[in-house]
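Results of the structural survey
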Amino acid sequence: MPTRQLDVGIIGAGIAGLSAAIALSKAGHVVSLYEKSRFRNETGAAIIIGPNGTRILTRWGFDFDKAGALDYISMRRIRGDSLELDSEETFSDIKEQYGDRWLLFHRADLHAGLKALLEAREPRPEINLGVEVTDVDVDEGIIKLGNGEEIKKDLVIIADGAHSELIAKVIGRPYPVTKSPMSMYRFLQPMDRILANPEAGQFYKDRPAGFTTFYKTEVGRPGLLINTYPCRGGKLLYVALVHPTKPAEKGLVGWDSPADVDNFRADAKDFHPAVQAVCEGATDIKVYTQMWRDPLEKVSAGKAVLIGDAAHLMLPTHGQGAAMALEDAVGLNVLFTDVSSADEVSSKLQQFDELRLPRVSAIQTMSNKMMGPPDKMISEIKRYYGGEIPGAKDKTFSKGYNDFFFLYDIEKEARKAVTT
Ligand SMILES: Cc1cc2nc3c(=O)[nH]c(=O)nc-3n(C[C@H](O)[C@H](O)[C@H](O)COP(=O)(O)OP(=O)(O)OC[C@H]3O[C@@H](n4cnc5c(N)ncnc54)[C@H](O)[C@@H]3O)c2cc1C
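The rules behind the values
- Residues numbered from 1 in each chain as written.
- Predicted model: local features only at pLDDT ≥ 70, side-chain atom pairs only at ≥ 80, totals over all residues.
- Heavy atoms only, no water.
- Helix = DSSP H or I, 4+ residues; strand = E, 2+ residues; numbered from the N terminus.
- Buried < 20%, exposed > 50% of the residue type's maximum accessible area, 1.4 Å probe, protein only.
- Polar contact = N/O pair within 3.5 Å; in protein donor to acceptor, adjacent residues only side chain to side chain.
- Contact = heavy atoms within 4.5 Å.
- Core = buried A, V, L, I, M, F, W, Y, C linked by side-chain atoms within 4.5 Å.
- Domains from an automatic or database assignment.
- Disulfide = S-S within 2.5 Å.
- Axes fitted to C-alpha atoms, helices over the stretch in contact; angles between N-to-C directions.
- Parallel < 35°, antiparallel > 145°, perpendicular 65-115°, else oblique.
- Left-handed = near helix turned anticlockwise from the far one by under 90°.
- Nonpolar A, V, L, I, M, F, W, Y, C, P; charged D, E, K, R; others polar.
- Pairing = 2+ DSSP bridges.
- Salt bridge = Lys/Arg side-chain N within 4 Å of Asp/Glu carboxyl O.
- Buried area = accessible area lost by both parts, 1.4 Å probe.
- Near = heavy atom within 4 Å.
- Areas by Shrake-Rupley, 256 points an atom, 1.4 Å probe, with all protein chains shown as cover.
- Phe/Tyr/Trp six-rings, centres within 6.5 Å; stacked < 30°, edge-to-face > 60°.

A few words on the side chain of Ser164. Relative to the elements of secondary structure, Ser164 occurs in the loop between strand 12 (155–158) and helix 5 (167–171). Note on Ser164: relative accessible area 7%, which makes it buried. Polar contacts involving the side chain of Ser164 include one to the main-chain amide nitrogen of Ile167, which spans 3.0 Å. Sequence-distant contacts of Ser164, that is, excluding residues within four places in its chain, are made with Arg293, Leu306 and Ala310.

What follows is the structure in structure tokens.
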């Protein structure tokens, strides 16, 4: 138990908010979460978490089997028209190299597993669903709810996601997202149906779990790409078709807009019939425009701190967004394990800025600028981060990037920060 138990309010109960709640409850504080939704089960999305994130889940006692987590073993790139194999890579010794697993999840299963961990805490943190926070006074630590109620906290964690409105309270100005020119249709297919179809099944039958990516690049036209991977213990296949954003998709906000099925079919038609068979019978197709922000100059102000996508929104290039949210949570755990007065909150949050900003800014830049000139990306990363970084020739999921992401142990780094 810390010498002074803090009253902590967390806004948003996505992966970041739930993880911070677990971490601060573990540090001995009293935690209340405020979530505007009612946790309807998210459809059509899967997620990959590398060893820098899974070692956190392992230490927390996360139930990987219940969450249907699958080891990410193989990555194949296949031409979407001729089915010619372009490249294939196997990642079979990840645990030996990095100390934990590289895992594929259905996002709802990861979320449910985190919620179960939180609900098992004693005393049980309060989860207020259907409660929107409309304002935060960062100097006083006051959270204002949609019903007009005001609640004073010692520490306020803002985890309200990519479209954070409350970001302005910390950085002093609104900061809308930048939309990429690419959008993504996404859905889940029952794997037994895929396997029952010989055309579609050939890509997944008796194969280790991993990415199978079909791409179509045509000169003079932005390429289409279909990325697929299994989740939920192999029962479901996640399918994401990346395409240039259609005029009708330009105003979409959020992740879960229903897709125009005719547009989706028109793009899928560009692929080989066997790839079209992977998409056949898809229902509940969602569309989402990829978006990012450039790194923030700070993530804390007064008694409040931004974490998760609100703090470091990035493109899904390296699959590191959720892992960064888990790292944020552990950083808070270590910094707030030993608190003797609520007056220490602001200085501890400044330490959090120093601990997290170099790494998350570097990873945001790697994720957001990977498609541009590599030298430009590297010189930009060096503005934020002084350590070794992957070279200009390293590709996504190469050893250079994997070492950079996966060898980092936030718990060790945060402990170093509090003792120096
Ligand atoms: C297509 C795609 C693929 C991705 N793939 C990967 C991947 O493979 N690996 C990976 O690590 N990451 C991936 N990411 C990123 C990852 O999903 C996010 O980084 C992570 O989910 C962020 O969690 P969060 O809790 O910050 O935000 P969210 O999950 O958006 O949660 C924010 C929560 O706050 C609530 N909220 C918002 N405003 C308020 C308010 N005013 N009051 C109360 N509640 C509020 C919302 O309802 C929501 O529940 C991907 C992202 C995308 C879009």
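Let us now look at the nonpolar core. Ranked by size, the top nonpolar core spans 117 residues in total, and within it Trp60, Phe105, Ile157, Leu332 and Phe336 carry the most contacts. Inspection of this core shows a minimum of three residues originating in each of domain 1 (7–37 + 130–176 + 293–419) and domain 2 (180–290). Those residues within four positions of Ile157 in sequence are excluded, and the remaining contacts are Val8, Gly9, Ile10, Ile11, Ala20, Leu24, Val305, Ile307 and Leu332. Ranked by size, the runner-up nonpolar core spans 26 residues in total, among them Met191, Phe271, Ala274 and Val275.

By definition, a disulfide links the sulfur atoms of two cysteines through a covalent bond. Summed over the entire model, instances satisfying the criterion amount to zero disulfides. Of all cysteine sulfurs, the one in Cys279 lies closest to Cys231, which takes part in no disulfide; the gap is 15 Å. A relative accessible area of 7% means that Cys279 is categorised as buried.

Helix-helix packing is described using two parameters, namely the angle between the two axes and the distance between the axes. At a minimum axis distance of 12 Å, the contact between helix 12 (residues 345–368) and helix 14 (residues 399–406) shows a crossing angle of 150°. Judged by the inter-axis angle, helix 12 sits roughly antiparallel to helix 14. Between helix 12 and helix 14 the crossing geometry is left-handed. Mapping the contact onto sequence places Arg359, Ala362, Ile363 and Met366 in helix 12 and Tyr401, Phe404 and Phe405 in helix 14. Of the residues contributing to the contact of helix 12 with helix 14, the split by class is six nonpolar, no polar and one charged.

Right, let's get into the sheet that holds strand 1 (residues 7–11). Read across the open sheet, the six strands follow the order 8-2-1-12-20-19; overall the sheet is mixed. For this open sheet the edge positions go to strand 8 (126–129) and strand 19 (300–301), each flanked by a neighbour on one side alone. In this sheet, strand 8 lies alongside strand 2 (residues 30–35) in parallel orientation, the contact comprising four bridges. Within strand 8, the position partnered with Leu33 by the bridge is Ile127. Where helix 1 (residues 15–26) meets the sheet, its contacts fall on strand 1, strand 2 and strand 12, and the angle it forms with strand 2 comes to roughly 170°.

On to the environment of Glu199, then. Here Glu199 lies in helix 7 (residues 198–201). Residue classification places Glu199 among the partly exposed positions, given a relative accessible area of 37%. Counting along the chain gives 77 residues from Glu199 to Gln276, while the straight-line C-alpha distance between them is 9.1 Å.

With that settled, consider the pattern of salt bridges. All chains considered together, the criterion is met by 26 salt bridges. Within the structure, one salt-bridge network assembled from shared partners comprises Arg59, Asp409, Glu411 and Arg415.

Accessible area lost when the parts come together is the quantity often used to give the size of an interface. Under the domain assignment used here, the chain contains domain 1 (7–37 + 130–176 + 293–419) and domain 2 (180–290). For domain 1 and domain 2, the distance between their C-alpha centres works out to 30 Å. Facing five residues of domain 1, the contacting portion of domain 2 comprises six residues. With both chains or domains summed, domain 1 and domain 2 bury close to 390 Å², and 78% of this area falls on carbon and sulfur atoms. The interface formed by domain 1 and domain 2 holds zero salt bridges in total. Counting the contacts that link domain 1 with domain 2 gives zero residue pairs in polar contact (both at pLDDT 80 or more).

Moving on to the site of the ligand. In the vicinity of the ligand, 28 residues are found, and the nearest of them are Glu35, Ile48, Arg107, Asp309 and Ala322. Taking Ile15, its main chain carries an N or O atom lying 3.2 Å from an oxygen atom of the ligand. The separation between a nitrogen atom of the ligand and a polar main-chain atom of Val133 is 2.9 Å. Relative to its unbound accessible surface of 1000 Å², the ligand loses 88% to contact with the protein.

Let's shift gears to the packing of aromatic side chains. Applying the stated rule across the entire model yields 20 aromatic pairs. Between Phe187 and Phe264, the aromatic rings sit 5.4 Å apart at their centres with planes inclined by 80°, giving edge-to-face as the arrangement. Within this pair, whereas Phe187 is found in strand 13 (residues 178–190), its partner Phe264 is found in helix 8 (residues 261–268), the two being separated by 77 residues in sequence. Like Phe264, Phe187 is buried. Arranged with centres 4.8 Å apart and planes meeting at 20°, the rings of Phe211 and Tyr229 form a pair that is stacked. With Phe211 in strand 14 (residues 210–218) and Tyr229 in strand 15 (residues 221–231), this pair connects stretches of sequence that are 18 residues apart.

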